[in-house]
Amino acid sequence: MGKPVVIHGRCSHEDTFSLLKQYCPADHRIHYHCFSASLQFAERLNEFFPNLFIGIAGIITYRNDELQNVVREFPFDRILVETDAPYMRPFYRKFLDRESPKVSTPGMGVVIAQKIAHIRGMELDDVLIQMRENVSEMYDI
């Protein structure tokens, strides 16, 4: 059918990799939703699946050195910003007031993009432009 595969392999990365190798052609478009594994695992996935994108959610805004290393080192044209709303609400001081939502919302994606910009030493606009290009490629839109 040519449709992309979206997979959430949290806490089961090796099993997910095995299933993808078994059932997905190597050239298929894959969105690894809420990526939370190591850079080494991301690189293994990318070697086997050249059309794979990893989704970075609100967890990147918390102290998570391993995921920050992934964001810093993984090919930038293979990263997607996602909120996983209503889960994994990003940490952002502005959201600490009583008026802010207690859950993640799609509009919080910019907070995640800001964190990626900070980690990679880039301007927010440049991150947002690349994310738009990445989404267009991933979902053929």
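You'll find the structure just up there.
Residues numbered from 1 in each chain as written. Predicted model: local features only at pLDDT ≥ 70, side-chain atom pairs only at ≥ 80, totals over all residues. Heavy atoms only, no water.

(A) Fine view of the nonpolar core. The biggest cluster of nonpolar side chains holds 29 residues, and the ones touching the most others in it are Phe35, Leu45, Ile54 and Ile56. For this core, the elements supplying multiple residues, two or more each, are helix H1 (13–23), strand E2 (30–32), helix H2 (39–48), strand E3 (52–56), helix H3 (65–73), helix H4 (109–120) and helix H5 (124–139). Not counting the four nearest positions on each side in its chain, Leu45 is found in contact with Phe17, Leu20, Tyr32, Phe35 and Leu52. (Core = buried A, V, L, I, M, F, W, Y, C linked by side-chain atoms within 4.5 Å. Buried < 20%, exposed > 50% of the residue type's maximum accessible area, 1.4 Å probe, protein only. Helix = DSSP H or I, 4+ residues; strand = E, 2+ residues; numbered from the N terminus. Contact = heavy atoms within 4.5 Å.)

(B) Representation of the pattern of salt bridges in the model. Evaluated as defined, the whole model comprises three salt bridges. Between Arg44 and Glu14 there is a salt bridge, and its shortest N-O distance comes to 2.9 Å. A residue pair is termed long-range when its members are at least 10 positions apart, and Arg44 in helix H2 and Glu14 in helix H1 qualify at 30 residues. For Glu137, the salt bridge is made with Arg78, and the minimal N-O distance between the two is 3.2 Å. Highlighted residues: Glu137 in helix H5 and Arg78 in the loop between H3 and strand E4 (79–81), separated in sequence by 59 residues. Classification of Glu137 by relative accessible area gives partly exposed; the value is 42%. (Salt bridge = Lys/Arg side-chain N within 4 Å of Asp/Glu carboxyl O.)

(C) Inspection of the packing of aromatic side chains at higher detail. Throughout the structure, instances matching the rule amount to seven aromatic pairs. The interplanar angle of 75 degrees and the centroid separation of 6.2 Å between the aromatic rings of Tyr32 and Phe41 together place this pair among those described as edge-to-face. For the ring pair Phe48 and Phe49, a centre distance of 4.8 Å and an interplane angle of 70 degrees mean the geometry is edge-to-face. The exposure class of Phe48 is partly exposed, given its relative accessible area of 36%. Pairwise contacts between aromatic rings join Phe17, Tyr32, Phe35, Phe41, Phe48 and Phe49 into one cluster. Sitting above the plane of the Phe53 ring, Arg78 keeps its charged end 4.4 Å from the centroid. (Phe/Tyr/Trp six-rings, centres within 6.5 Å; stacked < 30°, edge-to-face > 60°. Lys NZ or Arg CZ within 6 Å of the ring centre and 35° of its normal.)

(D) Region of the structure containing unusual backbone geometry. Positive phi, normally seen in glycine, also occurs at Cys34, with a value near 50 degrees. Residue placement: Cys34 occurs in the loop between E2 and H2. Here Cys34 falls in the buried class, since its relative accessible area comes to 3%. Its identity is not glycine, yet Asp140 carries a phi of approximately 55 degrees, on the positive side. As for its placement among the helices and strands, Asp140 is situated in the segment after H5.

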